Amino acid sequence: MQILEIVLFNEKGQKRVLSLQPGKLNIITGASKTGKSSLIDIIEYCLGSESCNVPAGIIRETVAWYGLLLRIGRTNIFVARSAPKHGKNSNSDVYLDIGKGLTSPDAQALKSTTNPEAARDYLTGLMGTPENMHVPPTGQTRPSIVAGLKHALIFCFQAQDEI
């Protein structure tokens, strides 16, 4: 899976796009306090995180939908997630569109077509992650777990304070 664009939509329908280069290391640089560190949180939220960890501030106050234009194989996928309502930490409204040559839509097209769990499961399947389940030995207190997209994300991004 490659991220082609990170897209933010405000309440007025304006769209801001950060284009990335597929197949290459993308390093985001810029002045302090401009939202670079929030990009990882935005990506995780769009890919089905249980909560929106975008810090309080201008991004959280002005963004209505967070979106990603992805490529898996030869297919483009656009997934967007509605920003949490005031006082909440998540929103289950997810827009998902799939197609060859697909581009990021205008804000007017965004409407809930699925939920975070279904979108995450669908993307995991597209990535070719085989069915798997780890069942801890009898007597262990940890629950069984199925590895998928959310488990792979930790290996994909590096914050500014990590080496």
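A. The arrangement of the environment of S104 in detail. As for its placement among the helices and strands, S104 is situated in the loop between β5 (94-99) and α3 (116-126). Judged by relative accessible area, which is 11%, S104 ranks as buried. C-alpha separation for the pair S104 and G67, spaced 37 residues apart in sequence, amounts to 8.3 Å. Filtering out sequence-adjacent residues up to four positions away, S104 remains in contact with E5, V7, K15, L69 and F78. In this structure the side chain of S104 is engaged in a polar contact, spanning 3.0 Å, whose partner is the side chain of E5.

B. Layout of the nonpolar core. Core analysis: the largest hydrophobic core is formed by 25 residues, its most contacted members being I6, I42, Y66, L68 and L70. Where this core is concerned, the elements lending two or more residues are β1 (2-10), α1 (38-46), β3 (63-72), β4 (75-82), β5 and α3. Residue contacts for L70: discarding those within four places in its chain leaves M1, Q2, I3, L4, L47, T75, N76, I77, V79 and L123.

C. Structural context of the state of the cysteines. Under the counting rule described, the total for this entry stands at zero disulfides. Just so you know, C46 is unpaired, no disulfide at all, and the nearest cysteine sulfur is the one on C52, 8.8 Å from it. For C46, a relative accessible area of 2% translates into the label buried.

D. Seen up close, the sheet that holds β5. With respect to topology, five strands assemble into an open sheet ordered β2-β1-β3-β4-β5, the strand pairing being antiparallel. With one partner strand each, in any of the chains shown, β2 (15-19) and β5 form the two edges of the open sheet. In this sheet, neighbouring strand axes are inclined to one another by 15° on average, regardless of whether the strands run parallel or antiparallel. As judged from the six bridges shared by β4 and β5, these two strands associate in the antiparallel manner. Residue pairing in the sheet places I77 in a bridge with I98 of β5. The strands that α3 touches are β3, β4 and β5; relative to β5, the one it contacts most, it runs at about 25°.

Rules used in this analysis
- Residues numbered from 1 in each chain as written.
- Predicted model: local features only at pLDDT ≥ 70, side-chain atom pairs only at ≥ 80, totals over all residues.
- Heavy atoms only, no water.
- Helix = DSSP H or I, 4+ residues; strand = E, 2+ residues; numbered from the N terminus.
- Buried < 20%, exposed > 50% of the residue type's maximum accessible area, 1.4 Å probe, protein only.
- Contact = heavy atoms within 4.5 Å.
- Polar contact = N/O pair within 3.5 Å; in protein donor to acceptor, adjacent residues only side chain to side chain.
- Core = buried A, V, L, I, M, F, W, Y, C linked by side-chain atoms within 4.5 Å.
- Disulfide = S-S within 2.5 Å.
- Pairing = 2+ DSSP bridges.
- Axes fitted to C-alpha atoms, helices over the stretch in contact; angles between N-to-C directions.

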